[in-house]
Amino acid sequence: MIATDLDGTLLGDDGALAAFREWLGGRRERLRLVYASGRSAAAVRELVAAGRLPEPDAVITDVGTEIHVAGPGGASGWRPWPGWLERFGDWSADRVRLALAGYPGLEAQDPVHQTRRKASYDALQLEARDLASIRQALARHGIAATLVYSAGRFLDVIPPGAGKGPAARFLAEAWSMPARDVLVFGDSGNDADLLASGFRGTLVANALPELDAVVGGDVYRSPLTFAAGVLDGIRFWSGR
Ligand code: GLC
Ligand code: MG
């Protein structure tokens, strides 16, 4: 199983993406390909339908709040993976949006980035203590949440138990995939939980310093950027 972030990881260098596609060509039936993105399912579906990305087996979108099965029928046949959204019960991003309305330094992203399970903000240079205060503000409204901060500017508030990492674990379990057969790839903060999920991780060379903390035993830092780093990570781990 390959679970890879899109922006800044698989996407960013068209030549390297073409090489990834070629590598995948002969092996497509032997592996599961999963995209794990902060983007919406509709946005990822558009990239696949336009032929910019190979057809995946499943897609984790909206920062790991949604999972779709990429069934037969190509990008038009995607349907929600049964049993995933149900985990979040009545957790509502609308309540988060109300609780954080007017919170200094947080600017709500456009409505197209807001979903029932994800409240997203632009918020520059938040520190750990800012995130702690936001968490406290939510707690005062009785809301437990996971905060995901990326690229020194995006804050996503999602349900506890959501995220790219938990979603990838859910898929690996559904496919009875041992952790050592799961390769994960990323470049920014919303990939941290994916890279720290006990799978075999690779950081592409252009990964942001905010991921430095996850490099270690099961995370390899490639000297190559974007999809070239993904291919390099695949080669690195397949020898082990
Ligand atoms: C994508 C989403 C945005 C989110 C960001 C970081 O750009 O559209 O809502 O904040 O990823 O996760
Ligand atoms: Mg990225």
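This section reports on the structure supplied with the text. (Residues numbered from 1 in each chain as written. Chains lettered and ligands numbered in written order. Predicted model: local features only at pLDDT ≥ 70, side-chain atom pairs only at ≥ 80, totals over all residues. Heavy atoms only, no water.)

What to know about the coordination of the magnesium ion (ligand 2)
Filter applied, for reference: Each metal site lists N, O and S donors within 2.8 Å (3.2 Å for Na, K and Ca). With water left out of the atoms, a site can look as if it is missing ligands. Counting from the N terminus, the helices are DSSP H or I runs at least four residues long and the strands are E runs at least two residues long. For the exposure calls, accessible area comes from a 1.4 Å probe over protein chains only, and a residue counts as buried if that area is under 20% of its type's maximum, exposed if over 50%, partly exposed in between.
The coordination sphere of the magnesium ion (ligand 2) contains the protein donors D5 (OD), D7 (O) and D187 (OD), at a distance range of 2.1 to 2.2 Å. Mapped onto the sequence, the donors of the magnesium ion (ligand 2) take the spacing D-x1-D-x179-D. You can see D5 sitting in the loop between β1 (2–4) and α1 (14–25) and its partner D187 sitting in the loop between β10 (183–186) and α6 (192–195), a full 182 residues away along the chain. Exposure class is identical for D5 and D187. Each is buried.

A look at the pattern of salt bridges
What counts is decided by this rule: The term salt bridge refers to a side-chain nitrogen of Lys or Arg lying within 4 Å of a carboxyl oxygen of Asp or Glu.
Going through the model one piece at a time under the given rule, you end up with seven salt bridges. For the salt bridge of D14 with R52, the shortest nitrogen-to-oxygen distance reads 3.5 Å. Linking D14 in helix α1 with R52 in the loop between α2 (41–49) and β3 (58–61), this pair joins segments that are 38 residues apart in sequence. With a relative accessible area of 55%, D14 lands in the exposed category. Salt bridges sharing common partners tie together D5, K164 and D191.

Notes on helix α5 (residues 164–174)
Among the eleven residues of α5, eight are classified as buried, and the element is accordingly described as predominantly covered. Residues K164, G165, P166, A167, A168, F170, L171 and A172 constitute the buried set of α5.

Some thoughts on the sheet that holds strand β8 (residues 146–150)
Sheet strands line up and pair through hydrogen bonds in the backbone, either parallel or antiparallel. Heads up, the condition is: Paired strands, as defined in this entry, are two strands with at least two bridges between them according to DSSP. Contacts were defined at the residue level, with two residues in contact if any of their heavy atoms lie within 4.5 Å. Between the N-to-C directions of two axes lies an angle of 0 to 180 degrees, each axis being a line fitted to C-alpha atoms and, for a helix, fitted only over the stretch in contact.
The four strands lie next to each other as β6-β7-β9-β8, forming an open sheet whose pairing is antiparallel. Edge positions in the sheet fall to β6 (107–108) and β8, since each of these pairs with one other strand and no more. Relative to strand β9 (residues 154–158), strand β7 (residues 119–122) runs antiparallel, the two sharing four bridges. Looking at the pairing, D122 lines up with F154 of β9. Along the sheet, helix α4 (residues 128–140) contacts β8 and β9; its crossing angle with β8, the most-contacted strand, is approximately 150 degrees.

Description of the environment of P166
On the secondary structure map, P166 appears in helix α5. Along the sequence, P166 and D193 sit 27 residues apart, while their C-alpha atoms lie 7.7 Å from each other. Setting aside its immediate chain neighbours within four residues, P166 contacts W84, G161 and D193.

Describing the packing of aromatic side chains
Threshold: Stacked, edge-to-face and tilted labels apply to pairs of Phe, Tyr and Trp rings (six-membered ring for Trp) whose centres lie within 6.5 Å, assigned for plane angles under 30 degrees, over 60, and everything in between, in that order. A ring is scored as having a charge over it whenever the NZ atom of a lysine or the CZ atom of an arginine sits within 6 Å of its centre and within 35 degrees of its normal.
For the structure shown, the criterion picks out seven aromatic pairs. Plain terms: the ring middles of W81 and W175 are 5.7 Å apart, the flat faces sit at 75 degrees to each other, and that makes the pair edge-to-face. With a gap of 94 residues between them, W81 in the loop between β5 (78–80) and α3 (93–99) and W175 in the loop between α5 and β10 connect regions that are remote in the sequence. Residue W81 is classed as buried on the basis of its relative accessible area, which comes to 15%. It is R240 that lies over the ring of F236; its NZ or CZ is 3.7 Å from the centre.

Some words on the layout of surface pockets
Selection criterion: In this analysis the probe radius is 1.4 Å and the grid spacing 1 Å, with only protein atoms considered; a cavity is a set of points the probe fits into but cannot get out of, a pocket is an open set with protein on both sides within 12 Å along at least five of seven lines, and lining residues have an atom within 4 Å of a point. Grid points are joined across faces, edges and corners, and a volume is the space filled by probe spheres set on the points. Residue polarity follows a fixed list, in which Ala, Val, Leu, Ile, Met, Phe, Trp, Tyr, Cys and Pro are nonpolar, Asp, Glu, Lys and Arg are charged, and the others, Gly among them, are polar.
By volume, the largest pocket is sized at about 530 Å³. Around the largest pocket sit 23 residues that line it, and D7, G38, R39, F154 and N190 are the ones nearest its centre. Looking at the lining of the largest pocket, the elements with two or more residues in it are β7 and β9. Grouping the constituent residues of the lining of the largest pocket by class yields five nonpolar, nine polar and nine charged.

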